[in-house]
Amino acid sequence: MSNSKVKVRDAGQEDIPALAGLMNELGYQTSVDQMQERFKGIAAHPDYKTTVAVLDGEVVGMAGLAKGIYYEKNGSYLRIVAFVVKSTHRSQGVGKLLLDAAEKWAV
C-alpha cells in the first residue's frame, strides 16, 4: 500500500462506529453508543482533537490528542492520549502520517 493514498482528517460523527472498533482493537470494549457519548464531550472541547487515517473510504487508524499547559514553565504541550492503527494496516506508514498530523497541530 502506498501511504500517499491514505488521507488524514479530523474525525466526525460519521466516524463513531469506526472509532468504537478501533478502541476495541486497543482492548477497551466500547460500543457505538459509548463512543457516541465520549466523542460528544471530546469534540466539544477546544483542547482536544481526534484525527483519523482513511484509506479507500475506510478508517484505518486514529489519534486522540490533548493540549496541556505546563506547571513548571511557560507554554503548552501536546499529549497523544489514544493511538491505534487497524491490525490489517500496520507497518505500512499509517501511524507516521497520524503522528505527522499531530505534530502539525501541536505547532
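Residues numbered from 1 in each chain as written. Predicted model: local features only at pLDDT ≥ 70, side-chain atom pairs only at ≥ 80, totals over all residues. Heavy atoms only, no water.

Colleague: It is not clear to me how the nonpolar core should be interpreted in this structure. Could you clarify?
Modeller: The nonpolar side chains of soluble globular proteins are, as a tendency, buried together. Judged by nonpolar contacts, the single largest core of 14 residues is most densely connected at Leu19, Met35, Val52 and Met62. When contributions to this core are tallied by element, the ones reaching two or more residues are helix 1 (16-25), helix 2 (32-44), strand 2 (48-55), strand 3 (58-69) and strand 4 (76-85). Here this core gets five residues from one element, more than from any other, and that element is helix 1. Non-local contacts of valine 52, meaning those with residues more than four positions away in its chain, are made with Lys7, Val8, Arg9, Asp10, Ala11, Asp15, Leu19, Val59, Gly61, Met62 and Leu98. In terms of nonpolar packing, the next biggest core, distinct from the first, is built from 11 residues, Leu55, Leu65, Val94 and Trp105 among them. (Core = buried A, V, L, I, M, F, W, Y, C linked by side-chain atoms within 4.5 Å. Buried < 20%, exposed > 50% of the residue type's maximum accessible area, 1.4 Å probe, protein only. Helix = DSSP H or I, 4+ residues; strand = E, 2+ residues; numbered from the N terminus. Contact = heavy atoms within 4.5 Å.)

Colleague: Just checking my understanding: could you explain unusual backbone geometry for this structure?
Modeller: Apart from glycine, the bulk of residues carry a negative phi angle, and the bulk of peptide bonds sit in the trans form. For aspartate 56, which is not a glycine, the phi torsion comes out positive at approximately 50°. Within the element layout of this structure, aspartate 56 appears in the loop between strand 2 and strand 3. Taking the relative accessible area as the measure of exposure, aspartate 56 reaches 71% and is therefore exposed. Backbone geometry places serine 91, a non-glycine residue, at a positive phi of 60°. Here serine 91 is to be found in the loop between strand 4 and helix 3 (94-106).

Colleague: So what exactly am I meant to see when it comes to the layout of surface pockets here?
Modeller: Over the atoms rolls a probe the size of a water molecule, and its path tells where empty space is left. Put simply, the largest pocket is a space of about 180 Å³. Lining the largest pocket are 14 residues, with Met23, Met35, Ile42, Met62 and Ala82 positioned closest to its centre. When contributions to the lining of the largest pocket are tallied by element, the ones reaching two or more residues are helix 1, helix 2, strand 2, strand 3 and strand 4. The leading source of residues in the lining of the largest pocket is helix 2, at four residues. The residue inventory of the lining of the largest pocket, partitioned by class, reads 10 nonpolar, two polar and two charged. (1 Å grid on protein atoms, 1.4 Å probe; cavity = no way out; pocket = protein on both sides within 12 Å on 5 of 7 lines; lining within 4 Å. Points joined across faces, edges and corners; volume = space filled by probe spheres on them. Nonpolar A, V, L, I, M, F, W, Y, C, P; charged D, E, K, R; others polar.)

Colleague: Whenever I open this one, the pattern of salt bridges confuses me. Can you help?
Modeller: Pairing is possible between side chains of opposite charge, provided their charged atoms come close. Counted by the stated rule, this structure contains seven salt bridges. We note a salt bridge from aspartate 15 to arginine 9, for which the minimum N-O separation is 2.7 Å. A relative accessible area of 3% places aspartate 15 in the buried class. The exposure class of arginine 9 is partly exposed, given its relative accessible area of 32%. Residues glutamate 37 and lysine 40 are paired through a salt bridge, measuring 3.4 Å at the closest nitrogen-oxygen approach. Linking glutamate 37 with lysine 40, this pair stays in helix 2, spanning three residues, or about one helical turn. Residue classification places glutamate 37 among the exposed residues on the basis of a relative accessible area of 52%. Residues participating in the shared-partner salt-bridge network are Arg9, Glu14 and Asp15. (Salt bridge = Lys/Arg side-chain N within 4 Å of Asp/Glu carboxyl O.)

Everything listed is a geometric property; what it means functionally is a separate question.
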